[in-house]
Amino acid sequence: MTLLARWRQLLGIRAEEGRTVGLFFLHNFLLGIGTILVYVSANVILLENNPERNLPLAYVAAAAAMIGAGKVYAHFEHHLGLQRVAVRVLLATLALTGVLAALVVWGHSVAAAVAIMTGYRVIYLLTNLEFWGVSAVVFDVRQGRRLFGVISSGDMPAKALGAVLAILIHHHSELLWLLLTAFGAYLGALLVLQATGRGHAVEVREAARAARQQAVAPALQRWFGSSRLVLTMCLSMLAIAAVTTGIEYSFFVNVKHKFHDQATVMRYVGSVLVVTYLLALGFKLLLSRAATDQVGVRRMLVALPGVMAAGMLLAGSLWYVQADEETLLLYFCGLFLTLEVLRRALFDPLFLTLFQPLSPPERLQAHTLAKGVYEPLGLGLAGLLLLVLHLQPDLSAWAPFAWMSLFVLVAWYFLHRTHAHYLAELQHALSRRFSSSSDTASSLRWADTVDAGGSAYPDFDPAAFDSSSFAPAEPGQLIEALRDKATRPAATQALLQRGPAAVPALASALDSPDADDALVRRVALLCGRLPLPGSRQALVALAWQPNLFRRETALRALRSFAPDAADAPVFEALVQEELELARHLLTGLTELDPAAPLARSLEYELTRVQQRLFGLLLQLYPPQLIADAQRGVAQAARERQANALEILDNLIPQPVYQALQALLEVAPAAARLRTFERLLSYDEPLADVVPTVVRRGEAAFTDWTIAQALGQWEPTAALADAAALLARLGSPSPLVREAAEALARRLQQQAPALYQQLQAHQPTLDSVLMSHSAPESRISAAERVALLKHTALFAATPENVLSSIVPIMKEVSFPAGEQIFAKGDLGTSLFIVHEGEVGIFSGPQQLATFGPGDFFGELALLDAEPRSASAVTQVPVTAFRLDQDDFYDVMEERPEVLRNILRVLCQRLRRQNEKSVVR
């Protein structure tokens, strides 16, 4: 790893983000140089004469000017667009710097000093709005968490440099050179901004979202918008600005009281600023992201007011004991330094990140509102209070601590409430535009397309089935009736009507080792429709079983139930079990070529682990938030994924979140494995993944993964291996049976001694193998999967899912010239051509010709409407037929199949629409 790569890894910068982060860092560095030089110029003048009066006057004047500038900025940001406004801000800053230079040369009054400080504050505001406005559009919420501390640290070395200059510059005549340097820095920042605009789309795109369920009161929306997050953040910014202004004032005034000589004052202030900015630089680069990740957003929000509160308590005790002047100076110096480091290194980046879940226009409006109105308002309120206290000397000893303590309480109150509003905004960003909250929970059920009663069948009418015919039947008989499609709907209705009386039989069926997976799935979904404690406990027990497919079924059905704290230990243990399995799979992936079929299969197994983890989290944390996050991480839009991850980061324990994030990342297996190695520890080394897959078999893995593992397995003479081989030879999956048979015959030919040892452990091995000697079909199960994969309808579907279609593929043959179906026939089947050609006709006109790998009649899988054309073989044809009823059963088990079909059909419809438009 190169030094640059190590540096990026330390700072949390990804390779593709390097240039962008560099541009923003340089841009902020140049802005920082310009701003701090103006700041030094203003303070040199203000601290010369009566700072107790001049500083509050400057605060009030600056607040009024900043509010006005913020309003102007917001107007032009809305009408001109962010890119154009950012350029004009820097041009205005250049002009304002020129005006300040003229004031330095020709103005020596207090009014000029106040005007210079006001100009500094306006410049600081405008450059801040410009920089963070562009950043908020370019980066999403997760990038903001990682990178805002890095890109905002660019101004720290610049400000440290400015503080050094403050030590060296003491006279008006020397300040002009500082302002000219600032002018050059702003010009450089303008050039960097233009380079950033060439590489990124700096534009605000409106995204349609649902109306907020909990919005700000209508009377307050004029001042804060509709988001409660903006309300609490703006009011907390007002309070924090007031407190920090009061502390800055106390620091400067105590320095002036201690050191009457102007040069000594500037050396002391400059030294404190150098230390402050260098510490803030180190914290921002190295600790900002790590602190937020480890401590969490909720605690980080209240850290700054917590430190402020401690500072006020200590200040009160110093006032009570009547501390001397030197002690007060050291106290205010330490408090000023601490709060500046915390504010700039930790709070400011976090504050900006909190606005990222808002839509881009709201995001920029909120940032302008907080920084351009409410923060200056806090500055102005502090200035007024300080000015009043200057006119009332009797109150100046203790009153500042009183009003600052009050503002600290206000800041703590609103920041304490901010975290809940932040999560609500994240959820709002992920919510569907046209859905109610009740719809959202049900929208993520894994197999609601087809329920236990067959209600998803297009021809099913519950009224057509008389469940009273099952009234005398025992619940066990009704459960057996679920196996038959003809009796399943009526049996389902009868069991639901039995309610609590049916639960013991349903629980017994779920616990039965003889029940097949299809029956277990239907019984579990029935339990999910019975909101009873007994049905929930039956599902929890099913989730605890080692069969992972049944666990998935249980978690799907449990989505109908609210989380129960009594079951939390069970689900927490299952989370750890799933994480251990994920680590095992990642370990196996590091030993394989990423393009190998087994590697792709293991990646699919990891996606199953992700789905089960989300199902478990739904039983441990607020289901609505987890459901929104699960839907968000599956979205292609980067910002929606980032918001989903941010919800999880603020909701679930950090080790679980980091492991889940590693599973969701598109990164090499070795990098993801390192995360798991750091989070999980084991007493015993993990076994190789290939033997593990073969031994656990269909209880844990899909048949395609097992077949790929059997192709690479090198069994030993151990009893466990013999039992695993025999079990795979008796598998209900034709794909697994074929792979196991191929392995056994290879051992017979290439390792007869080993085969004899395995047979000694399992004497029936030969007879089982002999029963497979006659092929079930001339086209193997693996070939059928390959055919499906090369079909456009299933090309995007993983082989692990396609293997579930193999058992329902009916091989059919037609001679040349035979009609497969006629126009007007009721369509109930899809056909996939394996060999030969099929013509599609509408009367005498031939519409299309399909060859090997092509499919036709696909709409019949979704509806039973008359065929729109006839299909006739051109030459002898071998094809596979997929019947609608069988396909519904597959969709019940694997909803991914339906999603992929709908995607292909939508693409076809879109292309047809485009052709129609062209014509």
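Rules used in this analysis
- Residues numbered from 1 in each chain as written.
- Predicted model: local features only at pLDDT ≥ 70, side-chain atom pairs only at ≥ 80, totals over all residues.
- Heavy atoms only, no water.
- Helix = DSSP H or I, 4+ residues; strand = E, 2+ residues; numbered from the N terminus.
- Buried < 20%, exposed > 50% of the residue type's maximum accessible area, 1.4 Å probe, protein only.
- Contact = heavy atoms within 4.5 Å.
- Areas by Shrake-Rupley, 256 points an atom, 1.4 Å probe, with all protein chains shown as cover.
- Pairing = 2+ DSSP bridges.
- Axes fitted to C-alpha atoms, helices over the stretch in contact; angles between N-to-C directions.
- Phe/Tyr/Trp six-rings, centres within 6.5 Å; stacked < 30°, edge-to-face > 60°.
- Lys NZ or Arg CZ within 6 Å of the ring centre and 35° of its normal.
- Left-handed = near helix turned anticlockwise from the far one by under 90°.
- Nonpolar A, V, L, I, M, F, W, Y, C, P; charged D, E, K, R; others polar.
- Core = buried A, V, L, I, M, F, W, Y, C linked by side-chain atoms within 4.5 Å.
- Expected span 1.5 Å × (residues − 1).
- pLDDT = per-residue confidence, 0-100.

K.L.:
Residue-level account of the overall build of the protein chain, with values.
P.N.:
In terms of regular secondary structure, the protein chain is built from 38 helices and eight strands. Across the 919 residues that make up the protein chain, the buried fraction comes to 56%. Contacts in the protein chain between residues far apart in sequence, at least 24 positions, make up 78% of those at least 6 positions apart. A total accessible area of about 38600 Å² is found for the protein chain, and carbon and sulfur atoms account for 60% of it.

K.L.:
Can you tell me about the environment of Arg-640, naming the residues and giving the values?
P.N.:
Mapping Arg-640 onto the fold places it in helix H26 (residues 638–649). Judged by its relative accessible area of 21%, Arg-640 is partly exposed.

K.L.:
Quick rundown of the sheet that holds strand E7 (residues 870–873)? Include the residues and the values.
P.N.:
With antiparallel pairing, four strands are arranged side by side in an open sheet as E2-E7-E4-E5. Strands with a single pairing partner mark the edges of an open sheet, and in this sheet they are strand E2 (819–821) and strand E5 (845–850). Averaged over all neighbouring strand pairs, the angle between strand axes comes to 30 degrees, with direction disregarded. Two strands pair when backbone bridges link them, and E2 and E7 are joined in this way by two bridges, in the antiparallel orientation. Directly across from Phe-821, in E7, lies its bridge partner Ala-871.

K.L.:
Describe helix H27 (residues 654–664), naming the residues involved and giving the relevant values.
P.N.:
Counting buried positions along H27 gives nine out of eleven residues, so the element sits mostly inside the fold. Considered for burial, the residues of H27 that qualify are Gln-654, Val-656, Tyr-657, Gln-658, Ala-659, Leu-660, Gln-661, Ala-662 and Leu-663.

K.L.:
Describe the packing of aromatic side chains, with residues and values.
P.N.:
Taken as a whole and assessed by the stated rule, the structure comprises eleven aromatic pairs. Ring centres of Phe-351 and Phe-355 lie 5.2 Å apart, and the angle between their planes is 70 degrees; this geometry places the pair in the edge-to-face category. An aromatic cluster of three or more residues is present, and its members are Phe-821, Phe-831, Phe-850 and Phe-856. Across the ring face of Phe-549, the terminal group of Arg-608 is positioned such that the distance to the ring centre comes to 4.0 Å. The ring of Phe-821 has Arg-867 sitting right over it, with the charged end atom 4.0 Å from the ring centre.

K.L.:
Got a sec to walk through the packing of helix H19 (residues 503–511) against helix H20 (residues 517–528)? Specific residues and values, please.
P.N.:
Axis separation between H19 and H20 bottoms out at 9 Å; the angle between their running directions is 145 degrees. Both H19 and H20 take part in a crossing whose hand is left-handed. Every residue of H20 that contacts H19 at Leu-506, Ala-509 and Leu-510 is listed here: Val-520, Val-523, Ala-524, Leu-526 and Cys-527. Among the residues making up the contact of H19 with H20, the classes are represented as eight nonpolar, no polar and no charged.

K.L.:
So what's going on with the nonpolar core? Which residues, and what values?
P.N.:
Of all hydrophobic cores here, the largest spans 251 residues; its most connected members are Phe-251, Phe-794, Ile-805, Leu-882 and Phe-887. By residue number, the principal contributor to this core is helix H10 (residues 228–258), which donates 17 residues. Residues Ile-820, Phe-821, Val-838 and Ile-840 belong to the second largest nonpolar core, which totals 14 residues.

K.L.:
So, helix H24 (residues 597–617): which residues are in play, and what are the values?
P.N.:
Between its first and last C-alpha, H24 extends 31 Å over 21 residues, near the 30 Å set by a 1.5 Å rise per residue. Taking burial as the measure, the 21 residues of H24 include 16 buried ones, the bulk of the element.

K.L.:
Could you give an account of the confidence of the model for the protein chain, naming the residues involved and the relevant values?
P.N.:
Summarising the model, the protein chain shows a mean pLDDT of 80, and 82% of its residues fall at 70 or more. Counting contacts from residues 433–467, a segment whose pLDDT is below 50, to residues more than four positions away or on other chains yields 67 contacts.

K.L.:
Now, about the sheet that holds strand E6 (residues 855–856): what can you tell me, with residues and values included?
P.N.:
The sheet built from four strands is open, its strands ordered E1-E8-E3-E6 with antiparallel pairing. One side of each edge strand has no neighbouring strand; the edge strands of this open sheet are strand E1 (810–814) and E6. Note that E1 and strand E8 (residues 877–883) share five bridges and pair antiparallel. Bridging from a neighbouring strand, Lys-810 pairs with Arg-881 of E8. In the packing of helix H35 (residues 781–789) onto the sheet, the strands contacted are E1, strand E3 (829–835) and E8, and the crossing angle to E3 comes to about 105 degrees. Relative to E8, helix H37 (residues 884–893) is tilted by about 60 degrees, and along the sheet it contacts E1 and E8.

K.L.:
Can you tell me about the pairing of E3, naming the residues and giving the values?
P.N.:
With five of its seven residues buried, E3 lies for the most part within the structure. With six bridges connecting them, E3 and E8 associate as antiparallel partners. In the strand pairing of E8, Leu-830 is matched with Leu-882. When E3 meets E6, the two strands line up antiparallel, connected through two bridges. Following the sheet pairing, Ile-832 is matched in E6 by Phe-855.

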